[in-house]
Amino acid sequence: MTSSQTLLPLDYYRLPYCQPEGGPKMDNENLGEFLAGDRIESSPYRLRMKEDMYCEQLCITNLGRGEAKGVSPNKMVRAIRKNYHNNWIVDNLSSATKVEDETTVTTRYWQGFPIGFIASDTMKAYVHNHVNIEIQYHAVETETDKFRIVRFVVEPFSIKHDFAPAEDDDDDATDTDSVTNFKVAEIENPIASCNPLIKDDRKEHTNYDMVYGRGRDPQLASGKVLFTYDVKWTENKELHWASRWDVYLSMDNAIPDKVHWLSIANSLVIVFVLTAMIAAILVRNLRRDFHRYNRLATDEEKAEDLEEFGWKLVHADVFRPPSFSPLLLSVACGSGAQILCMAIATLLFSAMGFLSPANRGALLMAQLLLYVMMGCVSGYISARLYKTFKGKSWQKATVFTALGFPGICFTLFCLMNVMALTQQSSDAVPFTTMVILILLWFGISTPLVFFGAYFGFKQEAIEFPVNTSSIPRQIPDQPWFMHPVLTMLIGGVLPFGACFVELYFILGSVWMDQYYYVFGFLLLVFIVLVVTCAEITVLFCYFHLCGENYHWWWRTFCTSGSTAIYVFFYSFIYFKQLEANSFSTYMLYFGYMALASLALFLMMGFVGVYSCLWFNKTIFGSIKID
């Protein structure tokens with residue numbers, strides 16, 4: 001059960017629902033499902049292929065005390081008020097939800113169906129104790145008497161059954177007791193679908209008019225409640241097996257493709273404008289600078305002894321190691337490179353269709369395994385860069401790379417796991433899963449980081465086209481508009497503007513249990529994001545060098561990574577949609593959003609540093625140095 005208010009999934013049988021005979025059985029789940037908080041368990045609902053059922057009785061269960069002032073509500077009422085939804089599966093197909101009223105019938109293909117509702121007049125909680133299970137199928141063409149399920153819809157109702165327990169029913173049933181007979185009660189005021197006097201061939205399935213007509217009351221979420229269900233089978237020859245997930249992934253066109261195309265068009269406009277700006281500023285100015293720096297001085301200029309100006313003056317300092325913590329910058333760039341490679345590989349596999357939502361947990365597991373396998377990239381980048389900075393503590397650099405960002409992630413994950421345990425949420429992963437994560441970290445990722453670092457230190461340091469002087473040049477006063485904070489604010493807003501539309505849909509997928517499967521669009525937007533960060537950082541780097549400021553290493557890292565700051569602040573705006581009101585929800589949401597923003601900061605920071613490194617090597621290698 002999931003809720004967009006608490007963000008903490010709950011085990012289905014934590015509430016006093018009917019249980020299958022012998023107790024619920026857990027399905028075999030992969031690592032990704034455990035990390036996502038998914039728990040797939042068996043249910044007591046009985047489905048027979050192509051056999052319609054009418055008001056089938058499930059069990060009588062006691063939901064607990066009724067609502068009253070000064071009395072703590074029961075578990076079911078608390079869950080209903082927190083807007084929890086059930087998420088059912090038939091043949092690995094998630095349930096869609098049909099909602100019916102006096103005028104319309106709406107089908108929604110995400111978030112499951114609510115376990116109950118709060119009446120607008122009495123403000124009391126009512127439980128959905130009846131469901132219509134509608135299943136569409138078609139015959140397998142190549143085999144006889146074989147069928148495939150292609151659609152699964154649940155329509156919940158709240159029906160106040162006045163009943164007397166059957167003779168074999170346990171009158172002293174508790175919250176967890178359930179009766180497994182098909183008939184557990186005699187209904188004294190049956191609706192038409194529950195009336196035993198009407199034969200099945202003349203019955204109609206439960207509908208809105210039948211339930212809420214004639215002044216019938218819904219079922220309060222308290223006391224003894226009879227749970228019932230209908231099953232309706234419909235043949236659908238038009239819907240192919242391979243296409244049964246399409247309506248879920250598109251959320252029944254709730255978000256048209258036009259929105260994503262407009263998002264990409266918006267991103268491309270930003271890229272084209274930025275590229276044109278860079279072409280107008282850099283290409284023209286650089287061509288003029290190259291001409292001035294490379295031409296031979298005339299006799300008049302030699303006699304006047306004209307002083308050089310511009311970025312050529314810092315040629316002896318431009319590749320000087322950063323004044324603040326070269327080790328930290330090397331580790332940050334290595335971690336950013338690892339995250340970038342993981343993101344690119346995940347997006348490529350997803351865009352090609354390898355990570356299907358039918359394979360639950362596959363996306364999260366792919367991200368984790370790809371991140372672990374990219375440890376060699378992290379070790380190589382950090383080691384090579386640290387050697388270029390003439391660092392001596394290579395063991396410390398490698399250890400920090402192996403334990404830095406993964407350590408932050410694991411520490412936060414453990415804190416969130418403890419919080420999930422205190423809330424009795426299914427988000428809490430078992431001890432064996434924690435052991436697997438530790439083995440992946442220290443058994444695979446860390447050795448790969450050391451393996452990559454070995455080759456990084458074996459390689460020659462990055463060669464620069466100019467030599468660095470032993471005495472640092474004094475930096476003149478900089479104009480106010482080149483202040484680091486201002487350049488970060490400007491440098492982050494354009495890349496964020498290129499990706500914020502897709503970011504909205506991604507947050508909806510993560511926090512609102514919506515489907516997101518337009519990875520082709522996302523790959524294009526990600527490429528635009530990387531290009532935009534690189535271009536804006538190169539432009540500011542050129543301005544810094546023209547101002548004779550050669551402290552560009554950390555500036556470029558922060559300017560490019562500042563997109564993550566905008567993403568984190570945007571998460572505050574998005575949080576208003578969740579209607580959350582508990583401390584645990586605040587911790588869960590902002591904790592993971594801060595971690596995601598940190599990962600984006602490192603990734604884009606690496607892009608900025610290496611873009612400017614290439615730019616500086618190119619321009620200083622194109623001029624003559626006396």
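Residues numbered from 1 in each chain as written. Predicted model: local features only at pLDDT ≥ 70, side-chain atom pairs only at ≥ 80, totals over all residues. Heavy atoms only, no water.

**Q** How do you make sense of the pattern of salt bridges when you look at a structure like this?
**A** Close approach of charged atoms lets side chains of opposite charge pair. This model, assessed by the stated rule, comprises five salt bridges. Notably, a salt bridge pairs E134 with K98, separated by 3.0 Å at the nearest N-O pair. Here E134, found in strand β10 (residues 130–139), pairs with K98, found in strand β5 (residues 96–100); they are 36 residues apart in sequence, far enough to count as distant. In this structure E134 comes out as buried when scored by relative accessible area, which is 17%. We classify K98 as buried; its relative accessible area is 18%. In this structure, K146 and E143 form a salt bridge, with 3.0 Å as the shortest nitrogen-oxygen distance. Classification of E143 as partly exposed rests on a relative accessible area of 41%. (Salt bridge = Lys/Arg side-chain N within 4 Å of Asp/Glu carboxyl O. Helix = DSSP H or I, 4+ residues; strand = E, 2+ residues; numbered from the N terminus. Buried < 20%, exposed > 50% of the residue type's maximum accessible area, 1.4 Å probe, protein only.)

**Q** It is not clear to me how a positive patch on the surface should be interpreted in this structure. Could you clarify?
**A** On the surface, R65, K75, R78 and K82 cluster together into a positively charged patch. For R65, the location among the structural elements is in the loop between β1 (53–62) and α2 (75–81). (Patch = residues over 30% accessible without salt bridge, like charges linked within 9 Å, V, L, I, M, F, W, Y side chains within 5 Å. Areas by Shrake-Rupley, 256 points an atom, 1.4 Å probe, with all protein chains shown as cover. Lys, Arg positive; Asp, Glu negative; His and termini not counted. Charge placed at Lys NZ, Arg CZ, Asp CG, Glu CD.)

**Q** Is there a simple way to explain the state of the cysteines in this structure?
**A** Joining two cysteines, a disulfide is a covalent bond between their sulfur atoms. Enumeration according to the criterion identifies two disulfides in this entry. What pairs with C18 in a disulfide is C59, and their sulfur atoms sit 1.8 Å apart. Here the S-S torsion is close to -80 degrees, and the disulfide linking C18 with C59 is therefore left-handed. Remark: C59 occurs in strand β1 and C18 occurs in the segment before α1 (31–36); sequence separation between them is 41 residues. Under the relative-accessibility criterion, C18 is labelled buried at 3%. The partner cysteine of C55 in its disulfide is C194, sulfur to sulfur 1.8 Å. Its S-S torsion of approximately 80 degrees makes the covalent link between C55 and C194 right-handed. (Disulfide = S-S within 2.5 Å.)

**Q** Which parts of the structure should I look at to understand the pairing of strand β6 (residues 105–108)?
**A** Within a regular beta strand, the side chains point alternately toward one face of the sheet and then the other, so they alternate between its two faces. For β5 and β6, the ladder comprises four bridges, and the chain directions are antiparallel. Within the sheet, the bridge partner assigned to V99 lies in β6 and is T106. Counted between consecutive antiparallel strands, the loop separating β5 from β6 contains four residues. (Pairing = 2+ DSSP bridges.)

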